[in-house]
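The lines below spell out each chain.
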Amino acid sequence: MKKFLSLMLALAMVLGLFACAPAADPNTSNPPASNPVESTEPTGKPESGEFQPMTYDDWEIYNNTYGEFYKALQEAKECVDIDEMFAKMAIAEAKFLEAAAVVPYYGDGGSWGISRMAPRTMPTVMWGSDQDRYEYALVTTELLKAEDRKHITAMWNELAGTGTFEQSVKDYLAEKGYTLKNSYAWNGYASDPEIWDPLAAWTNSVGEPLCLTVDGLVRYDMENVLQPGLATSWEHSEDGLTWTFHLREGVQWVDSQGRKLDDVKADDWVASLQHLFDFYGYSAAEVLAPMIVNGLEYVNGEVTDFSQVGVEAVDDHTLVYHLTHAVPAFESMLTYCGFFAPLCRSYYTAQGGTFGADHDNGDFGTSPNNIAYCGPYLITSYTAQQSIVFEANPTYWNLDKMNITKVTWPYYDGKDPTKSYDDCIAGVNDSTSLGTSALIKCKEDGIFDDYAITSTVNGTSRIGYQTLNRQIFHNFNEETAGVSPQEHGSVDTLDKANGVNVADASIIDDAARTHVAMNNQNFRLAMALGLDRAAYHAQRVGEELKLVSLRNSYVPGTFVETSKEITVDINGTPTTFPAGTKYGAMLQAAITADGYPMKVWDPELDDGVGSSDGFDGWYNVSAAREYLAKAVEELAAVGVEVSKENPIQVDYVYYGGSEAFTNLANAYKQSIESSLEGAVQVNLVNVESQEQLNYSSFWHTDGTGLNCDESWGTAWTPDYGDPASYLDTFLPGGDGYLCKNLGLGPWMSEQP
């Protein structure tokens, strides 16, 4: 058990990093035990009394928390059989959830809403970018009645895969007296794009708008069937190692005013992959580089000649990828904007962009006027924190089939909880979800019964974090207001803990003790199981819908299923899953076998299909109290007294500019205090941030910028149809993008 020097002011003691499971052996297949953090001891208190951040060894923390998960995930990835891989991915996620540093929260959707868009007329696959594309959607001039939306959803269930759904919906809407229109106004965005490079789509604020500006090789239609895009046809070799795409002729690159720049050519995908590998190493190294011949070698600098990397423009209209191994989910990866969007080489270089070791974007991607377009829309207007307007690309290859030729995104900061609803009624936007305040108003207006319906829960998973290595305790305010996270590293929250400046030296004791508690698995389990997630979620969606979108796993339980019977070892016991077993059922089997109380799968839901959504399988007061009692004993054994007089302080950060977020914070505090017997051993402090919540809990460039002990609501949308698209986000060494939200620090941007 590793020991660290405490920062206690009154008493010198040794603080230990403690978890229920034994520390992982760094000499096995677990992540390396070395890292660039200079010391394993926290920095001391200077004579001035000014607080200094604490730093601990991040790799030790990761190994103690996620060593078993990492090992199990690597074993899953070594599987040749896809069904065995799915089962072992579920075993790996079980280890991940049992660590309780990350807790599932909800899937996007499942809230009351009103809309003019016909349901299911956009792709609903759980991965990729196509679910954010509007060009084929069907939108009416009138609000759609709830009964008609339900009928159209039933039509989709019957007709999906037949190629007849779109026309059937048009016929139905005409029969019911609705009028279709060719424009759509979204219910609003909350964050301006940090960059306008489609290949930088690692956040929704970038990916969602920019996927409208470029087309991919393939696309999903509204029946979720994969269709030709910029590739008219494609095939792969028998061993799955060579994929050949035959490109559509006559497609043009244009600028933001629709003026031709160049023809779309196979070399534009060669340019895009090199650009991706040059600039955006976390996604490329995590997913694409290991599967493309010499991809990883190029990213690591071992190969400098990109012509040796496995992407080849045979001629202007023939593109070939050479893979290192067969990738069953390869086709599903093609629809994600941030992986396989083409890059107009001639325009990129004209903007000053360069490739290779000295790569530079130049002016490319600095604004909507500094990118090339080959997709359905041009960005014709953009004003930060006001609106983004998209209009049909006049040269788009499928222009005649577009149903929506203009899309408007208004900006909403969330401060007025009924603004989006009011705007929808007035026709400013065409759809809106109904939060608590808007729901009340909708009912008062007499609209609810006829028009409101719950939206489908999608593949986006929102999660909560318990910080493993918090290093920032700043009090930031006006001097950082309005400054982007890229400019100041996002250490910019206004922290108030019971009126005390949390940068004050008086909380050094609490900070050190909290660090040790957060690295105790039983303490984390107590906090995770002590939260009444349904009551918490009700503050967002109302009492009636508080369970609908609650998610109990990170990977949705229905994300994949086995195609044949498979037997895997779970805790030394051979366990057989029949063909058609959903991922969630295998995940539940692994958690149950490990002896943990979480329920992550209900086989009776959705008419016997089963689901990981729609119930709270984590909230368990008796188990939470048992875990807390164990944690108190274990912490005492390493010199940390936890009592009514000396509770563990836990800072929960929330955005104070929103009534909904304030209500969530209060619900969180009340739930923990109630569950953990008055919380006499845990002092949960609601820490108000006057900046957007993302600045303190998501947008920081690495874990050193995390300025809270608890944060909730960060989303991850999968990029492709493989559970690894979720689980890889918590890989170590720079590959796991979301590890920074656990406070796992500077090594996230530089792999040792």
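Just so you know, these numbers come straight off a predicted model, no measurement behind them.

### Description of the overall build of the protein chain
Check the secondary structure of the protein chain and you find 23 helices and 26 strands. Taking all 752 residues of the protein chain together, 59% fall into the buried category. If you take every contact in the protein chain between residues at least 6 apart in sequence, the share linking residues at least 24 apart comes to 71%. Total accessible area computed for the protein chain in this model is approximately 27800 Å², and 47% of it derives from carbon and sulfur atoms.

### A few points about the sheet that holds strand β4 (residues 112-115)
Taken in spatial order, the 3 strands make up an open sheet running β19-β4-β20, and their pairing is antiparallel. Because the sheet does not close on itself, it has two edges, and the strands there are β19 (431-433) and β20 (453-454).

### Looking at the sheet that holds strand β16 (residues 377-383)
Overall, mixed pairing links the 4 strands, which are arranged β7-β18-β17-β16 in an open sheet. On the outer flanks of this sheet lie β7 (183-185) and β16, each paired with one strand and no other. The sheet shows a mean angle of 15 degrees between the axes of neighbouring strands, taken without regard to direction. Bridging between β16 and strand β17 (residues 387-392) involves 6 bridges; their strand directions are antiparallel. Across the sheet, residue Tyr377 finds its bridge partner in β17, namely Ala392.

### Re the pattern of salt bridges
If charged atoms from side chains of opposite charge come close, those side chains can pair. According to the stated counting rule, one finds 27 salt bridges in the structure shown. Between Asp255 and Arg259 there is a salt bridge whose closest N-O contact spans 2.8 Å. When its relative accessible area of 9% is taken as the criterion, Asp255 is described as buried. One salt bridge connects Arg533 with Asp616, and the closest N-O pair in it is separated by 3.1 Å. Here Arg533 is found in helix α18 (residues 533-541), whereas its partner Asp616 is found in the loop between α19 (583-594) and α20 (621-637), with 83 residues between them in sequence. What emerges from the salt-bridge pattern is a single network uniting Glu68, Lys95 and Asp594.

### Here we look at the packing of aromatic side chains
Under the definition given, this model contains 41 aromatic pairs. Seen in terms of ring centroids, Tyr66 and Phe96 are 5.2 Å apart; in terms of plane orientation they differ by 20 degrees. Their pairing is stacked. Taken together, the residues span a long stretch of sequence, with Tyr66 in helix α1 (residues 58-77) and Phe96 in helix α2 (residues 82-99) at a distance of 30 residues. Looking at Tyr66, the relative accessible area reads 0%, which means it is buried. Residue Phe96 is classed as buried on the basis of its relative accessible area, which comes to 0%. Ring centres 4.7 Å apart and planes at 25 degrees place the aromatic pair Tyr652 and Tyr668 in the stacked group. One end of the pair, Tyr652, is in strand β24 (residues 648-655); the other, Tyr668, is in helix α21 (residues 659-675), and 16 residues separate them in sequence. Overall, Tyr652 belongs to the buried group, its relative accessible area being 2%. According to the relative accessible area criterion, Tyr668 is buried, its value standing at 1%. Three or more aromatic residues joined by ring pairs make a cluster, and in this case those are Tyr62, Tyr66, Phe69, Phe96, Trp127, Tyr220, Tyr465, Tyr554, Phe559, Tyr726 and Phe730. Taking NZ or CZ as reference, Arg120 lies 4.2 Å from the ring centre of Trp156, over its face. Over the ring of Phe355 we find Arg345, and its NZ or CZ is 5.1 Å from the ring centre.

### Description of the state of the cysteines
Enumeration over the complete set of coordinates arrives at 0 disulfides. Free cysteine Cys337: the closest other cysteine sulfur is in Cys211, separated by 6.0 Å.

### Details of helix α3 (residues 146-159)
Taking 1.5 Å as the rise per residue, α3 with 14 residues should run 20 Å; its terminal C-alpha atoms sit 20 Å apart, in good agreement. Those residues of α3 lying buried are Ala146, Asp148, Arg149, Ile152, Met155, Trp156 and Leu159. The inward-facing, buried residues of α3 contact β4, α4 (165-175), α14 (448-451) and β20. Trailing α3 by a residue or two, Gly161 shows a phi angle of about 95 degrees, which is positive.

### Notes on the pairing of strand β22 (residues 566-570)
The alternating pattern of β22 places Ile566, Val568 and Ile570 on a buried face and Thr567 and Asp569 on a face that is not buried. Strand direction decides the pairing type here: β22 and strand β23 (residues 573-577), joined by 5 bridges, are antiparallel. Within β23, the position partnered with Asp569 by the bridge is Pro574. In this antiparallel pair of consecutive strands, β22 and β23, the connection spans 2 residues, and Asn571 shows a positive phi of 55 degrees.

### Considerations on the nonpolar core
Tyr321, Phe330 and Phe730 are the most contacted members of the largest nonpolar core, which has 192 residues in total. Counting residues per element, this core draws most heavily on α2, which supplies 11 residues. If we skip the residues at most four places from it in the chain, Tyr321 touches Leu217, Leu241, Thr242, Trp243, Phe245, Trp269, Leu273, Ile292, Gly310, Val311, Phe330 and Phe340. Counting 14 residues, the second largest nonpolar core, distinct from the first, contains Trp112, Ile114, Leu434 and Val541.

### Details of the environment of Ala589
One can find Ala589 in helix α19. Look at Ala589 and you get partly exposed, because its relative accessible area is 24%. Along the primary structure Ala589 and Val600 are separated by 11 residues, whereas in three dimensions their C-alpha atoms are 9.6 Å apart. Discounting residues that sit within four places of it in the chain, Ala589 has contacts with Ile570 and Phe577.

### Digging into the confidence of the model for the protein chain
Here the protein chain averages 84 in pLDDT, and 83% of its residues register 70 or above. Here residues 1-54 scores under 50 on pLDDT; set against residues more than four positions off or in separate chains, the count is 125 contacts. Counted against residues more than four places away or in other chains, residues 746-752, with its pLDDT under 50, gives 22 contacts.

### Describing α20
The end-to-end C-alpha separation of α20 is 25 Å, in line with the 24 Å expected for 17 residues at 1.5 Å each. Listed as buried for α20 are Ala623, Ala624, Tyr627, Leu628, Ala631, Val632, Glu634 and Leu635. Residue Gly639 follows α20 closely and has a positive phi angle near 95 degrees.

### Focus on the environment of Gly580
Along the chain, Gly580 falls in the loop between β23 and α19. When the C-alpha atoms of Gly580 and Thr562 are compared, they prove to be 5.0 Å apart, with 18 residues separating the residues in sequence. Those residues in contact with Gly580, other than ones at most four positions away along the chain, are Glu561 and Thr562.

Definitions and limits used
- Residues numbered from 1 in each chain as written.
- Predicted model: local features only at pLDDT ≥ 70, side-chain atom pairs only at ≥ 80, totals over all residues.
- Heavy atoms only, no water.
- Helix = DSSP H or I, 4+ residues; strand = E, 2+ residues; numbered from the N terminus.
- Buried < 20%, exposed > 50% of the residue type's maximum accessible area, 1.4 Å probe, protein only.
- Contact = heavy atoms within 4.5 Å.
- Areas by Shrake-Rupley, 256 points an atom, 1.4 Å probe, with all protein chains shown as cover.
- Pairing = 2+ DSSP bridges.
- Axes fitted to C-alpha atoms, helices over the stretch in contact; angles between N-to-C directions.
- Salt bridge = Lys/Arg side-chain N within 4 Å of Asp/Glu carboxyl O.
- Phe/Tyr/Trp six-rings, centres within 6.5 Å; stacked < 30°, edge-to-face > 60°.
- Lys NZ or Arg CZ within 6 Å of the ring centre and 35° of its normal.
- Disulfide = S-S within 2.5 Å.
- Expected span 1.5 Å × (residues − 1).
- Core = buried A, V, L, I, M, F, W, Y, C linked by side-chain atoms within 4.5 Å.
- pLDDT = per-residue confidence, 0-100.

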